[in-house]
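The lines below spell out each chain.
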Amino acid sequence: MSKNVANSSEDRRVRRTRKLLWEALLKLLQERSLENISVTDICEEALLNRTTFYKHFENKYELFTYGMKYDQELFEKKLLRAATSEEGEQLSRQILETMAEHRHYYKLLLIGKEEKQLSTLLRRQIAEQMELKLEQTQREGRRFNNPLPVIAQFYAGALLALATWWLENETPISAEELAHHWSQLSRGKEPFAFDMD
């Protein structure tokens, strides 16, 4: 067997094991907070032993961070396949649909009191994703009046605040409707009711 074939099958095994651990953690997060989940709980849910866990991750927080990045990569692949002229609205709709699909997990992240560091990580990841999109737009000739990190943080914070309201109120409107409202707001279609100056 050639080295590349061996590495490829090893990579698949590594990805499969990490995916199993992440899915086990997601399932457990539907029942209790991350603080109340042990590595043993994760391993039992994934039907793997602790030695296997520690070959891949130092602790449950590293697994959690990996899982968020894993989900982000899946989301980015989906976005690239579905890119249209309405990219911004599509991006926000897909984020919201993902949040609705994994409602308990995102409620835990955005609303759970003991998980504030995780909501900060989520905001940073969304801002990073938005900043990459802004950089791409800038390379295509678009000029911005404000620094890209400021714009990305502003919109990431606003999107998460809106998503938090949506989840706290048990998704009173569809993800598509909320994405449309988000698109209108982010394009400045709704005038401010008060003067910011």
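Residues numbered from 1 in each chain as written. Predicted model: local features only at pLDDT ≥ 70, side-chain atom pairs only at ≥ 80, totals over all residues. Heavy atoms only, no water.

### Regarding helix α8 (residues 148-168)
- Compared with the 30 Å implied by 1.5 Å per residue over 21 residues, the 30 Å span of α8 between its first and last C-alpha is a close match.
- Listing the buried residues of α8 in full gives Leu-148, Ile-151, Ala-152, Ala-156, Leu-159, Leu-160, Ala-163, Thr-164, Trp-166 and Leu-167. (Helix = DSSP H or I, 4+ residues; strand = E, 2+ residues; numbered from the N terminus. Expected span 1.5 Å × (residues − 1). Buried < 20%, exposed > 50% of the residue type's maximum accessible area, 1.4 Å probe, protein only.)

### Details of the pattern of salt bridges
- Scanning all chains against the criterion turns up four salt bridges.
- Ionic pairing is found between Lys-27 and Glu-45, a salt bridge with its closest N-O pair at 3.2 Å. Placement of Lys-27 in helix α1 (residues 3-29) and of Glu-45 in helix α2 (residues 39-46) is noted, with a sequence separation of 18 residues between them.
- Note that Asp-41 and Arg-32 form a salt bridge whose closest N and O atoms lie 3.2 Å from each other.
- Since its relative accessible area comes to 22%, Asp-41 is described here as partly exposed.
- Through salt bridges with shared partners, one network takes in Glu-31, Arg-32 and Asp-41. (Salt bridge = Lys/Arg side-chain N within 4 Å of Asp/Glu carboxyl O.)

### A closer look at empty space enclosed by the protein
- Within this structure, the stated rule accounts for one cavity of 30 Å³ or more.
- Roughly 210 Å³ of internal volume is contained in the largest cavity.
- Taken together, 13 residues line the largest cavity, and the ones lying closest to its centre are Gln-72, Tyr-106, Leu-122, Ile-126 and Gln-129.
- Looking at the lining of the largest cavity, the elements with two or more residues in it are α4 (60-82), α5 (87-101), α6 (103-110) and α7 (116-139). (1 Å grid on protein atoms, 1.4 Å probe; cavity = no way out; pocket = protein on both sides within 12 Å on 5 of 7 lines; lining within 4 Å. Points joined across faces, edges and corners; volume = space filled by probe spheres on them.)

### Notes on the nonpolar core
- Membership of the largest hydrophobic core comes to 48 residues, with the highest contact counts inside it found for Leu-25, Ile-42, Leu-63, Phe-64, Met-99 and Tyr-105.
- At the level of elements, α1, α2, α4, α5, α6, α7, α8 and α9 (175-186) are the ones that each hand at least two residues to this core.
- Among the elements that take part in this core, α8 stands out by supplying nine residues, more than any other.
- When neighbours within four sequence positions are excluded, Ile-42 is seen to be in contact with Leu-21, Ala-24, Leu-25, Leu-28, Ile-37, Phe-53, Lys-60 and Leu-63. (Core = buried A, V, L, I, M, F, W, Y, C linked by side-chain atoms within 4.5 Å. Contact = heavy atoms within 4.5 Å.)

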